[in-house]
Amino acid sequence: MDLIKNQNALFGMGNPLLDICAVVDKDFLDKYGLKTNDQILAEEKHKEMFEEIVKKFKVEYHAGGATQNSVKVAQWMIQEPHKVATFFGCIGKDKFGKILKEKAEEAHVEAHYYEQSEEPTGTCAACITGDNRSLVANLAAANCYKKEKHLDLEENWKLVEKAQVYYIAGFFLTVSLESILKVAKHASENNKIFCLNLSAPFICEFFKEALMKVMPYVDILFGNETEAATFAQERGFETEDIEEIAKKAQSLPKENKKRQRIVVFTQGKEGTVMTKGDKVETFPVLKIDQSEIVDTTGAGDAFVGGFLSQLVQDKTFEQCIRAGHYAANVIIRHAGCTFPEKPDFH
């Protein structure tokens, strides 16, 4: 059976955010206590920041949010048919929400948003300095996703059941653990593939209980080198070696014994580490000239999107990684998580 003819074969659920991207200066980062290459949730002290960035710098708006970026990139890599990717998340009934809906349609992703009017659509300030980016997410509406008001509705759950591959970024652990668990258990019980991303050091630190509740259902775990190190520290792995961390993460308890867990850790321009059986392999990334890098926003999301585009077509894990590297390489040549009309990947 050719999975790729299946609409809704890939399911993603997460925080739909409108990215506000701008090249800023070090003073701006310092003023708001931001680190380069970090991602955090906005606190009271960041409220002014969103207005200031728009006033002070030249901003671009892009439809974003980690999971939504990844499913959009996967759909772009697949091209035809449209709507192989489904996405659930919560938005506000406002201008930014309207933009997100339009952008999802342009990307041929079947987005079913839970729309509510208490909170405005979430935003994420992507503060770019050199080829680093610091992300500050103001979840707003994204934080209002409700299992019983959206995921549990029959017509929505039917879309979940249609999928073969599920992907959720760790960021969603801060919003609706019960929604993640419902999807994860469905995947596990039906021997489908459930993928989770560590997403950020703060998730590994402050949401570790929620993370460990989901871990037994995780077939493929994604993360970058910083997240892997924080995860190892929090779990008491007593190693800083990324290959060792991958092995230890792989051997954490798992519900569905039919699939061995795969762990994939990216390391920016260094090679990507992947567990294979009892071995760990490192795959080199595509070379890129420093001058060709526009901004690295969305590179990690794009890697996952490329990976998922092949996974949903039943390709080998090596091919999945190649596609991930290709997609990330394309994204860093463009502003935000945007891409040309068609991929050139074979």
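You'll find the structure just up there.
This one's a predicted model, so the numbers in the text were calculated from it and none came from an experiment.

## Considering the sheet that holds strand β14 (residues 279–283)
Taken in spatial order, the nine strands line up as β6-β5-β1-β9-β10-β11-β12-β13-β14 in an open sheet, and their pairing is mixed. Bordering the open sheet on either side are β6 (110–116) and β14, each of which pairs with just one other strand. When the angles between neighbouring strand axes are averaged without regard to direction, this sheet yields 20 degrees. Direction of pairing for strand β5 (residues 85–92) relative to β6: parallel, over a ladder of seven bridges. The residue of β6 that forms the bridge with glycine 89 is tyrosine 113. Against the sheet, helix α3 (residues 66–78) makes contact with β1 (10–13), β5, β6 and β9 (165–169), and its axis sits at roughly 145 degrees relative to β5, the strand it touches most. On top of the sheet, helix α6 (residues 154–162) reaches β1, β5, β6 and β9; it is set at about 145 degrees to β5, its chief contact.

## Comments concerning the sheet that holds strand β7 (residues 122–129)
Taken in spatial order, the five strands make up an open sheet running β3-β8-β7-β2-β4, and their pairing is mixed. The sheet is open, and its two edges are formed by β3 (39–41) and β4 (60–64), each paired on a single side. Neighbouring strand axes in the sheet, compared pairwise and without regard to direction, differ in orientation by 25 degrees on average. Sheet topology note: the β3/strand β8 (residues 132–138) ladder contains three bridges and is parallel.

## Considering the packing of α3 against helix α13 (residues 317–331)
It is at 11 Å that the axes of α3 and α13 come closest, and there the two elements cross at 105 degrees. Relative to α13, the element α3 is oriented roughly perpendicular. Between α3 and α13, the contacting residues are Val73, Trp76 and Met77 on the first element and Ala323, Tyr326, Ala327, Val330 and Ile331 on the second. Classifying every residue of the contact of α3 with α13 gives eight nonpolar, no polar and no charged.

The rules behind the values
- Residues numbered from 1 in each chain as written.
- Predicted model: local features only at pLDDT ≥ 70, side-chain atom pairs only at ≥ 80, totals over all residues.
- Heavy atoms only, no water.
- Pairing = 2+ DSSP bridges.
- Helix = DSSP H or I, 4+ residues; strand = E, 2+ residues; numbered from the N terminus.
- Axes fitted to C-alpha atoms, helices over the stretch in contact; angles between N-to-C directions.
- Contact = heavy atoms within 4.5 Å.
- Parallel < 35°, antiparallel > 145°, perpendicular 65-115°, else oblique.
- Nonpolar A, V, L, I, M, F, W, Y, C, P; charged D, E, K, R; others polar.

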